[in-house]
Structure formats: structure tokens, C-alpha cells
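Breakdown of the fold
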Amino acid sequence: MVTSSSLVYLIALPLFGAITLLLAGRRADKWGHLLGTAMSASSFGVGLYQLSQMLSRPTEERAIGQKLFTWIDVASFQVDAGLLLDQLSICFVLLITGVGTLIHIYSISYMSHDENRRRFFAYLNLFIAAMLLLVLGDSYLTLYVGWEGVGLASYLLIGFWNQKPAYATASKKAFVMNRIGDMGLSFAIMIAFATLGTVSFAGVKEASEGASETALTAIGIMLLVAAAGKSAQFPLQAWLGDAMAGPTPVSALIHAATMVTAGVYLIVRSNFIFDAAPTAQLIVVIVGAITLLFGAVIGTAKDDIKKALAASTMSQIGYMVLCAGLGPAGYAFAIMHLLTHGFFKAGMFLGAGSVMHGMNDSVDMRRYGGLRKFMPITFITFGLGYLAIIGVPPFAGFYSKDLIIETAFNAGGFKGILLGSITLLGAVITAFYMTRVMILTFTSPKRWEEDQHPHESPFLMWFPMVILSIGSVTSGLLFYRGDALKNWLNPVFGDHGKDHYEEHLFEPIVVSAMALTAVAIGVGIAIMKYQLSEIDAVAPQNVSIFTRIARKDLLQDSFNESVFMRPGQVLTRLLVKGDENVVDGAVRGIGRTALGAGATLRRTQSGFARSYAALILIGAVALIAGIWVVTL
Amino acid sequence: MNPYNYLYVAGLLFTIGAIGVIVRRNAIVVFMCIELMLNAANLTLVTFSRINGTLEGQVTAFFTMVVAACEVVVGLAIIIAIYRSRRSASIDDASLLKR
């Protein structure tokens, strides 16, 4: 493999920004945001340079690596801290640094009234560095460091306004639920080392060819647990909605475009494991299918614009996970949807931030309405993202989602038909709830208070939105034309990445027609229900039980609370009681016995010489009597 | 004469001494009772020496007497010192170690 010494700058630049800003403290208040943005942008520059270098090399030499240092050197456990930049990582590098830089620019204006803006930029840079380490690591252990790093940055940023207890709780919830996933990743690494003897991607790939399927299935399932935690997939999805407590740029960057897609990256990167473990692959598909409907249903019931978008993110990542679970046929399309989703969802989140900016930070869509006139740029950019996510040609989401639906149908047999139907149903619901968001926010009559004065956001905020909306228009066609992205990624997935699905259940054009029909149905229902009828400014309470359950996030929190949290609390209380009564009781009991014995024995020390003499006499008599009895 | 009678006398003397030590309060009397018990022991030693026809018991009795003499010197000195400071020869008054 070609080695390069410049890979480390990708990570080092934002890391330098984060460390400088955190150490400089208040002294950096004046220029902190500029440094943060510059570091992110220069990392993007290095990424572009690497891409140009990569394009100039022949296909088989495109992947490059860099060994940083020998990390662990213990007997047979050898791990080098190394970086790997191949066709897959470069996609992520450009997405992370590109979208990241745009969001840095957006945040300069969005966070301008926050006195801790410098700290915000430090955390953003920390996130960029950790996320780059995650996608550039050449072993599972290096990836794990980045994995934990993004978890930390996510925690710090969700709880950025931790003066509000609810926000602090949300960050803690995200952190704790992510820990469950992290545990899965550490188990996967341990199993990989125990059975395959190595943890580097190349080593595991080589060793997996002769490994037992049981071991690979175990690794695959543990990797899926990790992916579910980080990517908010069923059953670890409950944290994402609450993570919206963070500032909106954070939601756009971390909880829509990049960090939450790390799970998809992990599955696609571990393609050699999943290809050899069909059971694990099937579970991946099931998790993806459940989450894609789960998120979509929650999305229909949310009145909080950010939470509606968060539910949509969950659902869209469900699409990616499902597609990644379909094996070599799906990996490239999962990544394609990931990239296009990165553009349009980040753009829509920034749009939501722009709307909040103009509406005194209100997030209740039932209090919006008619904002099209007041925020034309936000309306247009958000609208382009909207057309992209529901999948209207020629916008980005059409191509990527269409390919996923097609791949699902081609999975073969009953499974294919079922998965295809689920993805189509997901498309209907997506079209419905996104149209609902559009109508409630922009096109319906105004429902806001008199003291609100909606206005367009400043240049620094709408400029990134415009760039991202251009991405959400063009990226799909760009990746799709001549199978560009698929051919680009093929070397990563080995030889079996080529033409895998021999049989087409439906012709691509038929699938497109069905997908478009699904979109039309969804949009139609939403228009009938919201555009053509009155919308209540307060969510109606006399609704069906299904709406109520959907509003409560399909009872995900109630389930977690009743199944894990309350029994956990009971267990803790029991353990505390056991500790107090049994362990502490034993310790205190020993002390009390010694004290009591001392107090009793002390009475014999009366200080009267005659009683001592009497005791000596009694003792002597008893001794002699004893000897006499024994020897008799 | 039956040598066992000496043993009975010695037992009697020892008992009187022991009861005296426990019952009496006057330090001098207690001291005398201790001497009585020592001499009871001496008498037993000499008697057994006689019964067995050996000399070890009689020699030991001399040692006991020497030790008893030393003990009397030290003991009386202590009793007089206590009497001087506390104006009392009662053994129960000298129970200061308790506190």
C-alpha cells in the first residue's frame, strides 16, 4: 500500500483548533470562531488535495495509509496506530469537513449572541477531529478511539446549554444509550482478537476468510449493536429525539449529517464480516426495516420542527442500514443515500435553525405558518431539501432512495417483496410528514403571536443553506450517472461488489414509478389534511389512541423506563440496602462486639487487690480441680 | 509419727492464709497471711522431702525463705510509703489503678 505522511494533518488541524480554543479560554472570545472555522476549512482543503492525488493514481493504488506509531506491543497483541484513506473514507472525509465547514460558518452567526461561542467552536473542532479519526482509522481499535471521541463531543454539544436541567438530562441520556452501543463495539473487538488474532481491517478481512461462521456472526451482531447505538437504530433509538436539545447547528452536523451515520460506516467497512455471516446480515436488515418505519411514524406526530426532522433522520438511516444489510448489492447505495442525506438533511436542519432564529427560538410548528413570504431564502433552500428527501426527480434523494427500494425488491423471494413494500411504505410516510412540516411552517396561514417578527436570517446563515441545497439538488445525479459512486467504491468491497443481483423483480423504471406513486400518495394526504383544512394552533387533545402513542414516540421512553430504568432503580435500591445492612452491618457488628466485650470485661478490673487475689485463688483451685478430674 | 499429718497442717495453714488475704483489709495483716501461705508451702516441701528421703525439697525451702525475706523488705517498704502518703493502711483504699 502507498504510504503518505500528510494524512495526519486531516485530523491534526481541527484537533489543534480544539485544544487551542479550550486552553485559551476567554482570551479567545474575539477570534475563537474564526480559528475554528479556519481549521475546519483547512482540513477540507487537505481532503480535496488528497482526493486530487487519489484521482491521479490508478484504481488499485488509490488506497493510502500512514503508520503513526506503534500503539500496543504485547506478545501477540500488536496494534499500530495507523490511518487508512481509501475510496470509502475519502467520501466521509469530504462530507465531514465540507458540511462541517459550512456549519462552522453558519454557527458564527447563529451563536453570535452566546457568550460561550468560543467553547462551542472548540467542541465542534473536537468533533470534526474525532469523526475524522473514526473514518480514517485502519483498525477497529483506532476506530474505537474516534467512536468514543464523537460520543464525547456529541455529549458536550447536546448539553451545551446545560443550565437548563432538561438539556443536561438529554445529553446524559444520549451518552448512556451510546455506552450500550460502545459496549457492543468493544465486545466485537475482543471477539475479533480472540478468534481472529488481529483487530486491523486488513488483518480481519484476511482472517475472516477461514474463520468459523459462528465467530463472524457474533462479531457482526456486536458491530450491529454498536451501529444501533451510534446511529439511533432500533432498539437503541430513544436518545436522538432528545438530542435536539443541542444548538441547531449541532443537530445538523452531528445528529443528521455525520455522527449518526457512523453506524452505517461501521457496517459497510465491515462488509467482509457481514458477507460471511448471513444471520448477522439478516438482523441488520430487520433492524433497518423496523427503524425506518418507526422513525417515519414518529415523524408524523411531532409538532416540534427539530424533533420531526430527528425522527426523519432516524428513518432515513434505517434505509441506509437496511440497504447495507442487503450485502454487496447494497453497500454502495447505502453510502450514496448517506451522502445525499448528509446534504439535504443538514440543509433542512439549518433551515429549521433559520426559522427558529426568526421566530424567537420557538420550535412549535403549530405556531408557525405563512413564513414563505418572510423568509424566502430559507423557504427555497428548505423546499429543495424537502423535494430531495421525499424523492422527487431529479433531486438527490430520488436517485439514492430509488436505488435502495430497487435493491430491497431484488433481495429475492418473499424477503424481497416484504422489504420492498416496507421501503415503499416508508416513502409514503416520509412524503406525508415532510409535506406536513412544509405546510405547517411555510405555506399555511400564519398562527404566530403578534410580538413575533419573522425575518430572513443574515448572509452567514443563508449562505451555507444555499450551498447545501445545491448539493441536495445535484449530488444524486452526480453519484448516479454512469454508476459513478458504485464504481468508485467497488475496490473497497472486493471483487464480489460487481453486478451481484442477477434477477430483477421489477424493471428499474417500474420501481421508479411505484416510488413516485408512493410519494404522490403521501403528499396528497398531507395536502388534504393540512393545506386544505384549518390547523389548530394548539395540538388537539381529542385524538385517537394511535396518534397519542405516536406523539409519545411510540412509547419508546415508557418502554425503556418500565423495562430497564425502574427495575434498575429497584435493583440499585436493593443493592444499597444490602450494602448498608449486610456489608456495613457485618463491619459495624465486629466493632460493636469488640466494644461490648471490652465494656463487660472492664468491670472485672475493679482496682481492688483483694478481688484480684480471690480471682487468682479461684483460678488456681479450678486448675487443680481440672487436673485432678482429668488424671483421676 | 505419720508424716501426712504435716501435710494436713500445711493445708490448714494455707487455707487460713488464703482466707485472710481475701477477707482482711489491713495491708499488714494481708502481708502476714501471705507469709503464712508461703510457710505452708515450705512445710509441704520439707514434708515431701522427708517422705521421699531426698534433699531437693529442703533446699527449695531455703530458697523460699530467702525470697520471702526479700519480699518482706520490699512489701513493707511499699506499705509504709502508701501509709505515709494516704494515712491509711487499708488495702481497699489503694485502688487508684482503676481510674
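None of these values were measured; they are calculated from a predicted model.

**Here's the deal with the overall build of chain A**
Within chain A, the secondary structure is distributed over 24 helices and 3 strands. Each principal axis of the C-alpha atoms in chain A carries an extent, and together these give about 115 × 65 × 60 Å. For chain A, with 632 residues in total, the buried portion stands at 51%. When contacts within chain A are restricted to residue pairs at least 6 apart in sequence, those whose partners lie at least 24 apart make up 81%.

**Overview of the sheet that holds strand β2 (residues 64–74) of chain A**
Residue and element names in this part refer to chain A. Read across the sheet, 3 strands follow the order β1-β2-β3 without closing on themselves; strand pairing throughout is mixed. The sheet is open, and its two borders are formed by β1 (2–3) and β3 (77–85), each paired with just one other strand. In this sheet, β3 lies alongside β2 in antiparallel orientation, the contact comprising 9 bridges. Within the sheet, the bridge partner assigned to Val-74 lies in β3 and is Phe-77.

**A word on the environment of Gly-149 of chain A**
Residues and elements named next belong to chain A. Relative to the elements of secondary structure, Gly-149 occurs in helix α5 (residues 140–158). Among the residues examined, Gly-149 registers 19 C-beta atoms within 10 Å and is labelled partly exposed. For the pair Gly-149 and Ala-129, spaced 20 residues apart in sequence, the C-alpha to C-alpha distance is 8.4 Å. Beyond its immediate sequence surroundings of up to four residues, Gly-149 is in contact with Ala-130 and Leu-133.

**A short note on the interface of chain A and chain B**
Counting residues at the interface gives 9 residues for chain A, matched by 9 residues for chain B. Taken together, the residues that form the side of chain A that touches chain B break down as 5 nonpolar, 3 polar and 1 charged.

**A look at the nonpolar core**
Counting residues in hydrophobic clusters, the biggest one holds 203 residues, and the most contacted among them are Phe-127, Leu-132, Leu-223, Ile-335 and Ala-346 of chain A. Residue contributions to this core peak at 17 residues, all from helix α15 (residues 328–358) of chain A. Once residues within four sequence positions are removed from consideration, Leu-223 of chain A is found in contact with Leu-185, Ala-188, Leu-266, Ile-267, Ser-270 and Ile-273 of chain A. Val-21, Ala-27, Val-30 and Cys-33 of chain B belong to the second-largest nonpolar core, a separate cluster that totals 7 residues.

**Points about the confidence of the model for chain B**
Interpreting fine coordinate detail is not advised for predicted regions of low pLDDT. For chain B, per-residue confidence averages 89 on the pLDDT scale, and residues scoring 70 or more make up 97% of the total. Across the interfaces of the predicted complex, the ipTM metric reaches 0.84, alongside a pTM of 0.78.

**Regarding the UniProt feature "transmembrane region" (unreviewed entry) in chain B**
Residues and elements named next belong to chain B. UniProt records the feature "transmembrane region" (unreviewed entry) for residues 6–23, 28–49 and 61–83 in the present numbering. As annotated, residues 6–23 has a helix share of 100% and a strand share of 0%, and its two end C-alpha atoms lie 25 Å apart. Along residues 61–83, the helical share is 100% and the strand share 0%, with 32 Å between the first and last C-alpha atoms.

**A word on the environment of Gly-181 of chain A**
Residues and elements named next belong to chain A. Along the chain, Gly-181 turns up in helix α6 (residues 165–196). Of the residues examined, Gly-181 has 28 C-beta atoms within 10 Å and is grouped as buried. Spatially, the C-alpha atoms of Gly-181 and Phe-201 are 20 Å apart, while their sequence positions differ by 20 residues.

**Examining helix α11 (residues 262–269) of chain A**
Burial runs high along α11 of chain A: 8 of the 8 residues are buried. Looking only at α11 of chain A, the buried set comprises Ala-262, Gly-263, Val-264, Tyr-265, Leu-266, Ile-267, Val-268 and Arg-269 of chain A.

**A look at the packing of helix α3 (residues 87–110) of chain A against helix α10 (residues 248–257) of chain A**
Between two packed helices, the angle of one axis relative to the other and the distance separating the axes together describe the packing. All names here are of chain A. It is the contact of α3 with α10, at a shortest axis distance of 9 Å, that shows an interaxial angle of 165 degrees. Here α10 runs roughly antiparallel to α3, going by the angle between their axes. Here α3 runs over α10; the crossing is right-handed. Here Leu-95, Val-99, Gly-100, Ile-103, Tyr-106, Ser-107 and Tyr-110 of α3 lie close against α10, whose contacting residues are Thr-248, Pro-249, Ala-252, Leu-253 and Ala-257.

The rules behind these values
- Residues numbered from 1 in each chain as written.
- Chains lettered and ligands numbered in written order.
- Predicted model: local features only at pLDDT ≥ 70, side-chain atom pairs only at ≥ 80, totals over all residues.
- Helix = DSSP H or I, 4+ residues; strand = E, 2+ residues; numbered from the N terminus.
- Buried ≥ 20, exposed ≤ 12 C-beta atoms within 10 Å, placed from the backbone.
- Contact = placed C-beta atoms within 7 Å.
- Pairing = 2+ DSSP bridges.
- Nonpolar A, V, L, I, M, F, W, Y, C, P; charged D, E, K, R; others polar.
- Core = buried A, V, L, I, M, F, W, Y, C linked by C-beta atoms within 7 Å.
- pLDDT = per-residue confidence, 0-100.
- UniProt positions renumbered as here; feature names shortened; annotations may be inferred.
- Axes fitted to C-alpha atoms, helices over the stretch in contact; angles between N-to-C directions.
- Parallel < 35°, antiparallel > 145°, perpendicular 65-115°, else oblique.
- Left-handed = near helix turned anticlockwise from the far one by under 90°.

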